[in-house]
Amino acid sequence: MSTTSADDFYASLKEKLERESFWPSVYLFKFIVKTSDDALQAVQAVFEDQKQHIELKPSKAGTYTSVSIKTIMVSPDAVIEKYKMVGKIDGVISL
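As a starting point, this report considers the structure included with it.

Quick notes on the rules
- Residues numbered from 1 in each chain as written.
- Predicted model: local features only at pLDDT ≥ 70, side-chain atom pairs only at ≥ 80, totals over all residues.
- Heavy atoms only, no water.
- Helix = DSSP H or I, 4+ residues; strand = E, 2+ residues; numbered from the N terminus.
- Expected span 1.5 Å × (residues − 1).
- Buried < 20%, exposed > 50% of the residue type's maximum accessible area, 1.4 Å probe, protein only.
- Arc of directions from axis to C-beta.
- Salt bridge = Lys/Arg side-chain N within 4 Å of Asp/Glu carboxyl O.

**What to know about helix H3 (residues 76–87)**
- The terminal C-alpha atoms of H3, which comprises 12 residues, lie 16 Å apart, in line with the 16 Å expected from a rise of 1.5 Å per residue.
- Residues Pro76, Val79, Ile80, Lys82, Tyr83 and Val86 constitute the buried set of H3. Down the axis of H3, the smallest arc covering the buried residues is 155°, so these residues share one side.

Laid out in structure tokens, this is it:
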């Protein structure tokens, strides 16, 4: 994603989160990660500093893992910061 399109995406996401939620709020992050990669541990490490519920669901072939992380976030900016941190990990798709 180019810098401009990423900036537009995050600005749109922030607007939507401000409009549709009250903060602090429970937020559900969803990612697809290659199962054999260190990416799975890297994604979990992004959230290790806060209380969370993580659900891992491997694909039928076991090649990918769906990662759902439910945690309390204090603001839309905090949500976006987590997405940016995870976005730096190779092989992760944010949903």
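**Quick word on the environment of Glu81**
- Position of Glu81 relative to the elements: it lies in helix H3.
- Taking C-alpha positions, Glu81 is 18 Å from Gln41, a pair spaced 40 residues apart along the chain.

**Observations concerning the pattern of salt bridges**
- As enumerated under the stated definition, the model contains four salt bridges in all.
- Ionic pairing is found between Lys14 and Asp77, a salt bridge with its closest N-O pair at 3.1 Å. Here Lys14, found in helix H1 (residues 3–20), pairs with Asp77, found in helix H3; they are 63 residues apart in sequence, far enough to count as distant.
- Since its relative accessible area comes to 28%, Lys14 is described here as partly exposed.
- When the shortest N-O distance is used, the salt bridge between Arg19 and Glu15 registers 3.4 Å. With a gap of four residues between them, Arg19 and Glu15 both fall in helix H1, about one helical turn apart.

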